[in-house]
Amino acid sequence: MTRFTHRIGATGLALFASTTLAVTFAATRPAAADGDRDASGRVYVQTNAAAGNAVVAGSNAHAADINVVGPLALASGLTLQNGGGGNIGKATGTIRAKRADVVGEVDDWEELREAGRALKTSTMARLPELLTQLEDQVTAAGGTVHWARDAVEANTIVADVVRATGSDEVVKVKSMATQEIGLNEALADAGIAAIETDLAELIVQLGHDAPSHILVPAIHRNRAEIREIFLRQMPDVDPDLTDEPRRLAMAARAHLRRKFLSARVGVSGANFAVAETGTLSVVESEGNGRMCLTLPETLITVMGIEKLVPTWQDLEVFLQLLPRSSTGERMNPYTSMWTGVHPGDGPQEVHLVLLDNGRTAALADEVGRQALHCIRCSACLNVCPVYERTGGHAYGSVYPGPIGAILSPQLTGVEDNPSLPFASSLCGACYDVCPVKINIPEVLVHLRARHVEERRATRIVPNAEELAMAAAGWVMADPRRYAAAQRAARPGRILAGGRERIRALPPPLSAWTASRDAPKPPTETFRDWWVRTRGGAGGTA
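These numbers were taken from a predicted model, which means no experiment stands behind them.

1. Focus: the overall build of the chain
Scanning the chain from terminus to terminus reveals 23 helices and 14 strands. Within the chain, the proportion of its 541 residues that are buried is 52%. Sequence-distant contacts in the chain: of pairs separated by 6 or more residues, those separated by 24 or more amount to 71%.

2. Re the layout of surface pockets
Any empty space left between atoms is shown by rolling a water-sized probe over those atoms. Its volume calculated, the largest pocket comes out at about 1,200 Å³. Considering the residues around the largest pocket, the lining is formed by 26 residues, among which Ala468, Met469, Leu505, Leu509 and Trp512 are closest to the centre. Breaking the lining of the largest pocket down by element, the ones donating at least two residues are helix 20 (464-476), helix 21 (479-489), helix 22 (510-513) and strand 14 (518-519). Sort the elements by how many residues they give to the lining of the largest pocket and helix 20 lands first, with eight residues. Considering only residue class, the lining of the largest pocket consists of 20 nonpolar, three polar and three charged.

3. Let's talk about unusual backbone geometry
With omega at 0°, the peptide bond leading from Pro507 into Pro508 counts as cis. Take Pro508: it is sitting in the loop between strand 13 (501-502) and helix 22. The phi torsion at His208 lies on the positive side, around 50°, for a residue other than glycine. Secondary-structure assignment places His208 in the loop between helix 9 (199-206) and helix 10 (223-233). Since its relative accessible area comes to 65%, His208 is described here as exposed. Unusually for a residue other than glycine, Lys437 sits at a positive phi of about 55°. With respect to the secondary-structure elements, Lys437 resides in the loop between helix 18 (429-433) and helix 19 (440-458). Residue classification places Lys437 among the partly exposed residues on the basis of a relative accessible area of 22%.

4. Thoughts on empty space enclosed by the protein
Applying the stated criterion across every chain, the model contains six cavities of 30 Å³ or more. Volume-wise, the second largest cavity comes out at about 120 Å³. In terms of lining, the second largest cavity is formed by 17 residues, of which the most central are Cys384, Pro402, Ser424, Ser425 and Cys430. At the level of elements, helix 16 (385-390), helix 17 (401-412) and helix 19 are the ones that each hand at least two residues to the lining of the second largest cavity.

5. Observations regarding the pairing of strand 9 (residues 298-304)
Among the seven residues that make up strand 9, seven are buried, leaving the element largely enclosed by the rest of the structure. Neither face of strand 9 is left uncovered, since the one carrying Thr298, Ile300, Val302 and Gly304 and the one carrying Leu299, Thr301 and Met303 both have all their residues buried.

6. Observations concerning the pattern of salt bridges
Tallying each qualifying case throughout the model produces 22 salt bridges. Here Glu225 ties to Arg221 by a salt bridge, and the two come within 3.9 Å at their closest N and O atoms. Given a relative accessible area of 18%, Arg221 falls into the buried group. Glu306 serves as the salt-bridge partner of Arg359, at 2.7 Å between the closest nitrogen and oxygen. In this pair, Arg359 is assigned in helix 14 (residues 359-363) and Glu306 in the loop between strand 9 and strand 10 (308-309), connecting sequence segments 53 residues apart. The class for Arg359 is buried, based on a relative accessible area of 2%. Looking at Glu306, the relative accessible area reads 2%, which means it is buried. Put simply, Glu180, Glu306, Arg359 and Arg376 are held in one network by salt bridges that share partners.

7. Considering the sheet that holds strand 12 (residues 349-355)
Overall, parallel pairing links the six strands, which are arranged 3-12-9-6-4-5 in an open sheet. A strand with exactly one partner marks an edge of an open sheet, and here the two such strands are strand 3 (144-148) and strand 5 (193-196). For this sheet, the mean angle separating the axes of adjacent strands, direction not counted, is 25°. Together, strand 3, strand 9 and strand 12 form the strand contacts of helix 5 (residues 127-140), whose direction differs from that of strand 3 by roughly 145°.

8. Focus: the sheet that holds strand 10
Spatially, four strands are ordered 10-7-8-11 in an open sheet, and the strand pairing comes out mixed. What marks the edges here is a single partner per strand, and that holds for strand 10 and strand 11 (334-338). Inspection of the sheet shows strand 7 (residues 272-274) paired to strand 8 (residues 279-284) by three bridges, in the antiparallel sense. By the bridge assignment, Ala273 is partnered in strand 8 with Leu280. Packing against the sheet, helix 13 (residues 312-326) makes contact with strand 7, strand 8, strand 10 and strand 11, and its axis sits at approximately 165° to strand 7.

9. Quick notes on the packing of helix 17 against helix 19
The interhelical angle for the contact between helix 17 and helix 19, taken along N-to-C directions, is 40°, at an axis separation of 10 Å. Relative to helix 19, the element helix 17 lies oblique. Considering how the two elements wind past one another, helix 17 and helix 19 form a crossing that is left-handed. Every residue of helix 19 that contacts helix 17 at Pro402, Ile403, Ala405, Ile406, Pro409 and Gln410 is listed here: Ile440, Val443, Leu444, Leu447 and Arg450. A class-by-class count of the residues in the contact of helix 17 with helix 19 yields nine nonpolar, one polar and one charged.

10. Some thoughts on the confidence of the model for the chain
Low-confidence regions, as indicated by low pLDDT, have predicted coordinates that should not be scrutinised in detail. Chain-level statistics for the chain give a pLDDT mean of 83 and a share of 83% at 70 or above. Confidence drops under a pLDDT of 50 for residues 1-84, and excluding neighbours within four residues, the segment shows 233 contacts in the predicted structure.

11. Structural notes on the packing of aromatic side chains
Within this structure, the stated rule accounts for five aromatic pairs. The ring of Trp474 is capped by Arg481, whose NZ or CZ atom sits 4.0 Å from the centre of that ring. The ring centre of Trp530 lies 4.9 Å from the NZ or CZ of Arg534, which sits over that ring.

12. Brief notes about the side chain of Thr178
Along the chain, Thr178 falls in helix 7 (residues 176-180). Given the relative accessible area of 2%, Thr178 is considered buried. Each residue touching Thr178, except ones within four places of it in the same chain, is listed here: Lys172, Leu183, Val267 and Val302.

Reading guide: rules and limits
Residues numbered from 1 in each chain as written. Predicted model: local features only at pLDDT ≥ 70, side-chain atom pairs only at ≥ 80, totals over all residues. Heavy atoms only, no water. Helix = DSSP H or I, 4+ residues; strand = E, 2+ residues; numbered from the N terminus. Buried < 20%, exposed > 50% of the residue type's maximum accessible area, 1.4 Å probe, protein only. Contact = heavy atoms within 4.5 Å. 1 Å grid on protein atoms, 1.4 Å probe; cavity = no way out; pocket = protein on both sides within 12 Å on 5 of 7 lines; lining within 4 Å. Points joined across faces, edges and corners; volume = space filled by probe spheres on them. Nonpolar A, V, L, I, M, F, W, Y, C, P; charged D, E, K, R; others polar. Salt bridge = Lys/Arg side-chain N within 4 Å of Asp/Glu carboxyl O. Pairing = 2+ DSSP bridges. Axes fitted to C-alpha atoms, helices over the stretch in contact; angles between N-to-C directions. Parallel < 35°, antiparallel > 145°, perpendicular 65-115°, else oblique. Left-handed = near helix turned anticlockwise from the far one by under 90°. pLDDT = per-residue confidence, 0-100. Phe/Tyr/Trp six-rings, centres within 6.5 Å; stacked < 30°, edge-to-face > 60°. Lys NZ or Arg CZ within 6 Å of the ring centre and 35° of its normal.

Laid out in structure tokens, this is it:
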């Protein structure tokens, strides 16, 4: 495939400021048939558009040997490899490799990252002023701006707007913000059906499941499972449906096309909002977003207040950082932008819901506010050894992975997610790949300290863990006490039996071995070995 580095000039971007929608940015791809191989021996699997929707899987090749072409590119392809934990490892490995390839093409990548970091820092410092500017511009362009302090207010606003249209159904663009506030459930309680149109989100919704990845929510599902979900949940689906990728794509397309053409209300999130013009932007790989943004009569966008950029020139930086860091592409296949209402062109009623939901509290934390810089690329998930082994559901949070470990506790309160800041080895891989240089390990340590301090402030009597840590600190503070403790532990070898690890300890230490093994004490400590072999020279026994 032809390699090129894409640069979008501010002047070029500004041409779209006054239009309802931007044209589709689409990188030129070679014509290829299913099963063909490129010069590197990778298998081409043609995605099948369902107004963009596609399925990629089914090749006998290893996940790393698949080169996805077509409108969906990488995202849904990784959704449909072999499910479960093995799938997560293969999928994240494939994304990492593609990201490394396209990032390697950009000579000034580190400068771009620094520019992204600086722009986010500056935007957060001016957030009240820029939000007011955005509201003024959206209103001047014919849109309506709503302010929501929390999830309840946001859900109420959306439900009221939908009711006012007389509709009982909405089509949705993939949105983390709407997942965060539980919009689908709130609309269901109000008698309104919310239809997910992103393929992976549709699979999750029909399977009564929960997303497990920011970019590829159904990464834990394989194509056989998806076939069963479609057969069970899709009305009028062909009973002879197979798990062939093209057949699955065609079934999804037929199902969604009917929804697109009948829907009167669309609901979206926003990747970015340009304060100087009131322009909103959604980037995606399938084309379903474009359908939701153009066909309905009413469009409602729910956006976190941190998604602002001051100017079109600033947007240029993020449209280079995001696709490379997320799907491993030089640019997103679909970059949609709209500014207010235009008679006869697109939705004739446009609403923007500006969502706080804990963001101003995070903004007040000088260290933690870095989490608000996130552009939802998921690069940190794809390099995280913890995420790769546990998957997204283990986090119990809408935002999984390293970014979720620092964002969710701040949005809901650290004590509501006390374990998340500890769900990391602090290896720093997430910091190395973050396109806006969020120092996730620094924030994790900061939030851990906050958790300890908050618990200490509300407890008069120390708990067992605090007593144990205090005792360990006292022992380790003195070399002689430490050496004595090591010798005292030696008889514990009998608890291991013939094994190298102790699988069961007596109470209260049984709380440890209930979920993990304990190491078997050595026959000889390092200090004893040093004394025996070196005569104690250079150290204290």
